[in-house]
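Reading the structure
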Amino acid sequence: MSNQSMIEARPLPAKKRRSISWNSREGRSVIYQVVAIASVATLIWLLVRNTLRNMRERGIQSGYDFMGQPFGFDVSETMIPYDVMSTYWTAFSIGMLNTLKVALIGIVLATILGTLIGVGRFSPNFLLRKICYWYVEFFRNVPIYLQLLIWYIVFTEVLPSFEEAWQVGHFYLSKNGFSFPWPVWQLGQTLALIGLVLGVVGSWLYARKASKHFDLTGQQRPVLLVSLALIVGLALLGWLAGGAPTGWSLPVKGDFQIEEGAAFSPEFSALLLGLVLYTASFIAEIVRSGISSVSLGQHEAAASLGLSKRQSMRLVVLPQALRVIIPPLTSQYLNLTKNSSLAVAIGYPDLVSIANTTLNQTGRAIEALSIVMLVYLTLSLITSALMNWFNASAAIQER
Amino acid sequence: MSQSEAPIIQFDNVNKWYASNGYHVLRDVNLSFAKGEKVVICGPSGSGKSTLIRCINALEEYQQGKLTVDGTVIGDDLKGIDKVRREVGMVFQQFNLFPHLTVLENLILSPTWVAKLPRNVAIEKAMVQLERVRIAEHANKYPLQLSGGQQQRVAIARALCLTPKIMLFDEPTSALDPEMIKEVLDVMIGLADQGMTMLCVTHEMGFAKAVADRVIFMDQGQVVEQNTPTEFFNHPQTDRSKDFLSKILGH
Amino acid sequence: MQQTYQPIDARPMPGLSTGVLAWLKTNLFSSPGNSIKTLVVLAIVLWALYGAMGWTLTNAVFGASLEACNSLRGIGACWGVVTEKGRLIVMGRYPDTEHWRPVIATALMLGVVGISCMPRFWNKALPLIWVVMLVVYFTLMKGGVLGLTEVPTDQWGGLPLTVMLTVVSMTMAFPLSVFVALGRRSNMPAIKTLCTLYVELIRGVPLITVLFMASFMLPLFMPEGVQIDVLIRVVVGITLFSAAYMAEVVRGGLQALPKGQTEAAATLGLSYWQTQRKIVLPQALSMVVPSLMNTFIGMFKDTSLVTIVSLYELTGALALALNADADWRPFKLEAYFFITLIYFVFCFAMSRYSLWVEKRTAVSKVR
């Protein structure tokens, strides 16, 4: 073996243009793709041609111009005001806001409930373990549509009428829905909310400072207490600055219904309760499998290093479990949002309900449905993008 | 074996049963280990040797007898167990490094959160240990980016960061490819030369011959034989030990 | 050093470690906190059960007596609605005398689906068995031959319709989903994009919009004079929907297969389609059988939505049976509980079956 000198690394030579033979891999790939695109394009052209012809024959109008017309129908609950001249744009916005309202509240409640039940599957208490197990099995195996129908009957037929409403202090539960006191909104409450937000930001900054301090000296400052004090304190300050308003609107029994206060309609309550209980069972399963995915060896290694159970949970088990939990968790959030579309069956005016009424009124089925699908698709793609970003940044680095 | 000091680990008639099936896994174990002693524990699988050393840092509980580690009796007292765990380091067969933390973060986790050292002091100490196991250049890599042998050396360094008095090794090389076993054994021999008290469950007889003061042979939950390595390997006293040795030394 | 070795026999575990009392201690009363939890939970559970017992059983009416039901409204459940309307709900509008036909046909269908889950039965005969089963199923249900009276498709309903919709759409969705999954993993950008668009579009929207779209748009897509049955429209909608979800499941299985498998197949001179058929798909598919079963259970539940587009499967048949009859309509809740039980039993049994299949296939993998 002669002693050669080492060959140094050289950059990749540029690709030379050659003619593509039909037998090569590139050639075949081009053919397949051209065929695929051509077939799909032909199919689409055929369908569009048939559709246009059928629509002409049946006298079906098309176009999105109806969106500028006043919609004229009644919406039972809405977060933005409307009148007889409001256009279909407003109608669809009402629907979308109603969907978001039930989805956001539902996601928060379902996560809390689902996590409690998922963690409860590991309880040292036999009864709690079994109750959590059967909760999951029961709510998972019954269709959500059926569950919503049942809750709707409970809220509209089983509950007493408003004259005999179940009452706890100023809270009323009846066929009218769930009524609760709501403050009369003035400057004070707005400032209190601003104070709350500032408090949250402040406690986040404080937590960062405390973490740096811990790195430097090994001593922990009481982050939880300080955060609580900051949030409550600044909110209180805001409220005082606004004149300390104490006006509450209290629900009272009127002649035809419960008046004043704020209320969750029976439709909203049935939808929210049904969605939360159903989705929580799936979230519980996800949390449970996330926690069990962390191998026993990790717990043991943490214990053998002298970490307490709480420290081990916080520093070793939860970070690993969360990476397994979060991707399926976000798809459950999406499922809850999509399932809220079943509101059309129980009369809650969400996006699909409004679209349904619209297409019955105007006959523009395709246009109305396409708007609905576009909205849901956008929500879905935003969530997917966030998920991919999370996966990429939190992925456990491997070789 | 030094007779003048009290033993650092003492098993007095220790018995353990598995709660799930009632199997009697440790039977009347009476052993003592002196400070600075290096002991290899061997035996067929299922003999209870891993269970034995996992009792020492309370990863397993025992039902009868008394186990004393560095003056503390291992029992229900949780504070005592915490104290023992800070003085006993453990290296696992499956490494059990924390995959979401870098090598350096794995090492300073316990010193910062349990011993409450400031971060920079912990980092200095960690780098010293990483040098000791000759892996300092990978300090900022993640465990899954390293080979098996490198991961096990990091695991040893992580246990050493607690400045333990005793190091327990539970089949540290059994999950490694053959060409990586040597690098880990070299580190363990280096530790032995520096006077650490070591209890090692292993099949690596070469290591036993090079470093051990004593070899303990266990079978079916009891101590069958204990002797110096030379004596044990060349003149096994019981049929069980003869049988076992013929199997593992055969090839 | 002379050492003697006396083998020590195994002794039983001392003390309170086995038996009922020991179990109670560890599981329910292991600590003061735990004991309090047990007592509180027991109290709540017993109180709830006592209350439910009264309405559900003690005061309930089981016979189909309208007067008894009305007099006990609010105090006792009217299970009479089940006695009276049960068969109508479960079977839909299928003629009474011919009920044996859907029962046999559905049992046959479920049986074939059951054996298809076990990789043990994956051989050349399986597609043939499916074809035979489908022919027998539709002959039995539709009738018109072999002396069976004809039953038009708009009278099919209830539980058999639920099962049929689920099985037929999953069967057609399956090959489609395999192609789409392979397409998403392809190197050809056009095919990959088409498949990805399809999957992301369907997965991003609720099933109800897909059903509405299919219901409104399919008639418009048809060439001159061609009518399509409501049933076919619904089946097409559900098929497209489930194919997208199944494609993701299959794609997961394809991704989990080590690259070395395709490389080894290449060194043996196998073409792309040969590799997929003989090496990749058998392994990838048996890995995802549990997830596919989950998709099946999900589709079974989702068929309840077809009521909204006027097809009367189990949930819809209930609406049909009770909305028309003002006498029994007040007792809708009891009827809902009845079909809740049916859905629960079916879905729970299917998920248990899926776990059992998973365990059996795992056993065959352990060397």
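Residues numbered from 1 in each chain as written. Chains lettered and ligands numbered in written order. Predicted model: local features only at pLDDT ≥ 70, side-chain atom pairs only at ≥ 80, totals over all residues. Heavy atoms only, no water.

1. A few points about the overall build of chain A
Applied cut-off: Secondary structure elements follow DSSP: runs of H or I of four or more residues count as helices, runs of E of two or more count as strands, with numbering from the N terminus. Radius of gyration here uses only the C-alpha atoms, and the compact-globule reference equals 2.2 Å multiplied by the residue count raised to the power 0.38. When accessible area is computed with a 1.4 Å probe and restricted to protein chains, residues below 20% of their type maximum are described as buried, those above 50% as exposed, and intermediate ones as partly exposed. Throughout, the Shrake-Rupley method with a 1.4 Å probe supplies accessible areas, and for residues the shown protein chains are the sole cover considered. A residue counts as positive if it is Lys or Arg and as negative if it is Asp or Glu; His and the chain ends are not included. In plain terms, the charge of a residue is placed at NZ if it is Lys, CZ if Arg, CG if Asp and CD if Glu.
What chain A contains, in helices and strands, is 12 helices and eight strands. Taking 21 Å as the expected radius of gyration for a compact globule of 399 residues, we find that chain A reaches 29 Å, considerably beyond that expectation. Each principal axis of the C-alpha distribution contributes one length, and for chain A these read about 105 × 80 × 50 Å. Within chain A, the proportion of its 399 residues that are buried is 42%. A total accessible area of about 23000 Å² is found for chain A, and carbon and sulfur atoms account for 66% of it. Here chain A contributes 30 positive and 21 negative side-chain charges, whose respective centroids are spaced 20 Å apart.

2. Section: the pattern of salt bridges
Note the threshold: By salt bridge we mean one thing: a side-chain nitrogen of Lys or Arg within 4 Å of a carboxyl oxygen of Asp or Glu.
Within the structure shown, the criterion is met by 24 salt bridges over all chains. One salt bridge in this structure joins Glu 137 of chain A and Arg 140 of chain A, with 3.2 Å as the shortest N-O distance. Of the two residues, Glu 137 of chain A and Arg 140 of chain A both sit in helix H3 (residues 126–140), three residues apart, roughly one turn of that helix. One salt bridge connects Glu 200 of chain C with Arg 184 of chain C, and the closest N-O pair in it is separated by 3.7 Å. Taken together, the residues span a long stretch of sequence, with Glu 200 of chain C in helix H8 (residues 189–203) and Arg 184 of chain C in helix H7 (residues 158–184) at a distance of 16 residues. Judged by its relative accessible area of 23%, Glu 200 of chain C is partly exposed. On the basis of relative accessibility, which here comes to 12%, the residue Arg 184 of chain C falls in the buried class.

3. Section: the interface of chain A and chain C
Keep this limit in mind: Whether two residues are in contact is decided by their heavy atoms: any pair within 4.5 Å suffices. Here the buried area means the combined drop in accessible surface, using a 1.4 Å probe, for two parts upon being joined, counting both sides. In the analysis that follows, any N or O atom pair within 3.5 Å is treated as a polar contact, provided that within protein one partner can donate a hydrogen and the other can accept it, and provided that, for residues neighboring in sequence, both atoms belong to side chains. Each residue is assigned to one class: nonpolar for Ala, Val, Leu, Ile, Met, Phe, Trp, Tyr, Cys and Pro, charged for Asp, Glu, Lys and Arg, and polar for all the others, Gly among them.
Listed by partner, the interface residues are 57 residues for chain A and 54 residues for chain C. Each partner contributes to the roughly 4800 Å² buried at the junction of chain A and chain C, and carbon and sulfur atoms together form 73% of this total. Between chain A and chain C we count zero salt bridges in total. Across the contact surface, chain A and chain C share 12 residue pairs in polar contact (both at pLDDT 80 or more). Within the residue set of the side of chain A that touches chain C, elements represented by two or more residues are helix H1 (25–58), H3, helix H4 (144–158), helix H7 (266–293), helix H10 (343–346), helix H11 (351–362) and helix H12 (365–394) of chain A. When residues in the side of chain A that touches chain C are grouped by element, the largest group, 14 residues, is from H1 of chain A. Each residue belonging to the side of chain A that touches chain C can be placed in one class, and the counts come to 37 nonpolar, 12 polar and eight charged.

4. Quick word on the packing of H11 of chain A against helix H9 (residues 207–221) of chain C
Formally: Each axis is a line fitted through C-alpha atoms, and for a helix only the stretch in contact is used; angles between axes span 0 to 180 degrees, taken between their N-to-C directions. Angle categories: roughly parallel below 35 degrees, roughly antiparallel above 145, roughly perpendicular from 65 to 115, and oblique for all the rest. Should the near helix be turned counterclockwise from the far one by less than a right angle, the crossing is left-handed, whereas a clockwise turn marks it as right-handed.
Following both chains from N to C, one finds H11 of chain A and H9 of chain C inclined at 15°, their axes separated by 12 Å at the closest point. Classed by the angle they form, the pair H11 of chain A and H9 of chain C counts as roughly parallel. As for how H11 of chain A packs across H9 of chain C, the hand of that crossing is left-handed. In contact with Val 352, Asn 356 and Leu 359 of chain A of H11 of chain A, H9 of chain C contributes Ile 208, Thr 209, Phe 212 and Phe 216 of chain C. Taken together, the residues of the contact of H11 of chain A with H9 of chain C sort by class into five nonpolar, two polar and no charged.

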